[in-house]
Amino acid sequence: MCGIVGYIGAEDAKEVLLRGLEKLEYRGYDSAGIALVNNEGVHVFKEKGRIAALRDVVDSSVSGTVGIGHTRWATHGPPSRLNAHPHQSETARFTLVHNGVIENYEQLNREYLADMTMKSDTDTEIIVQLIDRFVSEGSEVEAAITKTLSLLKGSYATAIIDKQDPDTVYVGKNKSPLLIGVGEEANVIASDAMAMLQVTNQFLEIMDEELVIVTRDNVTIKTLEGKVISRKPYTAELDSSDIEKGTYPHFMLKEIDEQPFVIRNIIQKYQNEDGSVRLEDNIRTAVTSSDRIYIIAAGTSYHAGLVGKQLIERLTKCPVEVHIASEFLYNMPVLSENPLFIFISQSGETADLRGVLVEVKKLGYQSLTVTNVPGSTLSREADFTLHTYAGPEIAVASTKAYTAQMAVLTLLAVDTAKAKGIELDFDPLQELGIVATVMETLCDQKERFEQIASEFLSETRNCFFIGRATDYFVCLEGSLKLKEISYIQAEGFAGGELKHGTIALIEEGTPVIALATQEHVNLSIRGNVKEVAARGAAPCIISMKGMEEDDDSFVIPTVHKLLTPLASVIPLQLIAYYAALHRGCDVDKPRNLAKSVTVE
Ligand code: M6R
């Protein structure tokens, strides 16, 4: 979702900003723009579409050592050059980029700017116009910005340039992520450290409702009340090769292939010298002392939560509920006396989850975030964090982060079981090691999954995934993967539920991908496959060794019965990848989607 970059230094900012925006492309966007400042003034370039389109409209003869840039994912007003950021104030004195949603922009407009006609359809424009208005009425610039930010309701990360003071960039933040990078002869601003690794790996976090004044050689952080805050930068532990595709055609394929390594990395990070699982004591205490766990997540992370529930309940006997973050506060269940909330989020920035976390904190309950980004908002604000160690995930479609989440939830369940004195009849780390090897075997058979994608998915307009027990959860994930990148209408169903309505949609040739990795439901899912085949469906059965039958399309090597989702999702990820590729879709940047969903 929208991304911000900014630069103030000695070099020409143009290329730094454009390269930075390219690093933020993975977040999802539909227009982009930059503003460059030089002795002649502020030059704004913006365009609908990709950064490549923006590059075409940027005047290469214009340079400047200060600038801000933005990728916009439309919320208020369609994607267009007009609505793209940066936005300028009425007098063109102030230029601004913004991420987030200003919920009270119409009210502010009526109250302060009723005499003005906004130029764009965006909620953003109100910020820059208010600053200009307050300055025109006599306020100092910093006071005008502070007053404006204090009036805003909703979420914002924003960078502002004043034409009359071109050596300063003002930065504000509330709920939406934003970092300041501290360099040698330059300071930078970025929604994600990845965007500005080209300049520095030293970053300063900004907390909500802070104003940061950035010059070439200084960064001053203040609260909106004017109190100066002292904060040390941290080193972003990112390797620039982690965020390059290398020889891969797409990040998604690279990230699918990285899964065996990720699982081995997780084993290593969470293993004691004696081979047992190592989690922090305070996390163990929080889990064992709770009487019910509430998992809150969205999308793929929600699917990991469904699998996590099974693992935790079976291994620890602690009851677990899994909730879609965006619904939780509206459909809040009766909570137990001593709940623990677990937030699962690859990005750690998902606004729907943060909304719940804020409420949970108000109620005084303990919270644990399972995330791939330890410095993220959800990680900082929860009581505890479990890192999934998957490395940066760039493709919008989540793959390695999902399997990493399930692996970490497995270890959480194992550690809790041990703390409760429950004996396990298997060695979890050894079994995860077997999963990693099986993942490798699956990744080595890409041609087979490409064939399956060609045979079943090259023409179809819809596809069903069916499974029972844990396979059902993997079907939900497989269908999400397929629909988000190939635009085939794909739905995952519990095998037994089809006949209660959905079977009406089965026509001659409708692909039905069935998972059969669970011994205790093997016969029933195969019965469900027969039901759809009798109505003309084209079934594609993916089974597990020991349960296979002659006509199965693919047989996965055996892994421990509790860990099958970590293996069975790989064929579904690869089938989705090749289906999207064959249909000419933009695999890494599917339409309408954002990697980091920072608006509710
Ligand atoms: O960063 P998060 O894990 O909180 O993101 C949640 C969802 O937005 C995310 O999983 C989304 O469903 C992915 N695009 C799925 O591939």
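Residues numbered from 1 in each chain as written. Predicted model: local features only at pLDDT ≥ 70, side-chain atom pairs only at ≥ 80, totals over all residues. Heavy atoms only, no water.

How would you explain the site of the ligand if you had to name every residue and give the values?
By nearness alone, 15 residues border the ligand, and Ser301, Ser345, Ser347, Thr350 and Glu484 come closest of all. Contacts to the ligand include Thr300, whose backbone N or O atom sits 3.1 Å from an oxygen atom. Between Ser398 and the ligand, the recorded distance is 2.8 Å, taken from a backbone N or O atom to an oxygen atom. Sorting the residues of the shell around the ligand by element identifies helix 9 (299-316) and helix 16 (470-486) as the ones contributing at least two each. A class-by-class count of the residues in the shell around the ligand yields five nonpolar, eight polar and two charged. A domain split of the shell around the ligand shows at least three residues from each of domain 2 (251-444) and domain 3 (446-588). (Near = heavy atom within 4 Å. Polar contact = N/O pair within 3.5 Å; in protein donor to acceptor, adjacent residues only side chain to side chain. Helix = DSSP H or I, 4+ residues; strand = E, 2+ residues; numbered from the N terminus. Nonpolar A, V, L, I, M, F, W, Y, C, P; charged D, E, K, R; others polar. Domains from an automatic or database assignment.)

Now, about the sheet that holds strand 22 (residues 489-494): what can you tell me, with residues and values included?
Read from one edge to the other, the open sheet built from five strands follows the order 22-21-23-24-25, with strand pairing classed as parallel. With one partner strand each, in any of the chains shown, strand 22 and strand 25 (554-556) form the two edges of the open sheet. Going across the sheet, the axis of each strand differs from the next one's by a mean of 20 degrees, ignoring polarity. Sheet topology places strand 23 (residues 511-516) next to strand 24 (residues 538-544); six bridges connect them, and they run parallel. Looking at the pairing, Leu515 lines up with Ile542 of strand 24. The strands that helix 16 touches are strand 21 (462-467), strand 22 and strand 23; relative to strand 22, the one it contacts most, it runs at about 175 degrees. (Pairing = 2+ DSSP bridges. Axes fitted to C-alpha atoms, helices over the stretch in contact; angles between N-to-C directions. Contact = heavy atoms within 4.5 Å.)

Please set out the domain arrangement of the protein chain residue by residue, giving values where relevant.
Domain boundaries in the protein chain define domain 1 (3-241), domain 2 (251-444) and domain 3 (446-588). Averaged C-alpha coordinates put domain 2 and domain 3 at centres separated by 25 Å. Tallying the contact residues gives 37 residues for domain 2 and 32 residues for domain 3. Summed over both sides, the interface of domain 2 with domain 3 buries roughly 3,000 Å², with 72% coming from carbon and sulfur. Notably, a salt bridge pairs Asp257 with Lys446, separated by 2.8 Å at the nearest N-O pair. Applying the counting rule to domain 2 against domain 3 returns 10 residue pairs in polar contact (both at pLDDT 80 or more). A breakdown of the residues in the side of domain 2 that touches domain 3 according to their chemical character gives 23 nonpolar, 10 polar and four charged. (Buried area = accessible area lost by both parts, 1.4 Å probe. Salt bridge = Lys/Arg side-chain N within 4 Å of Asp/Glu carboxyl O.)

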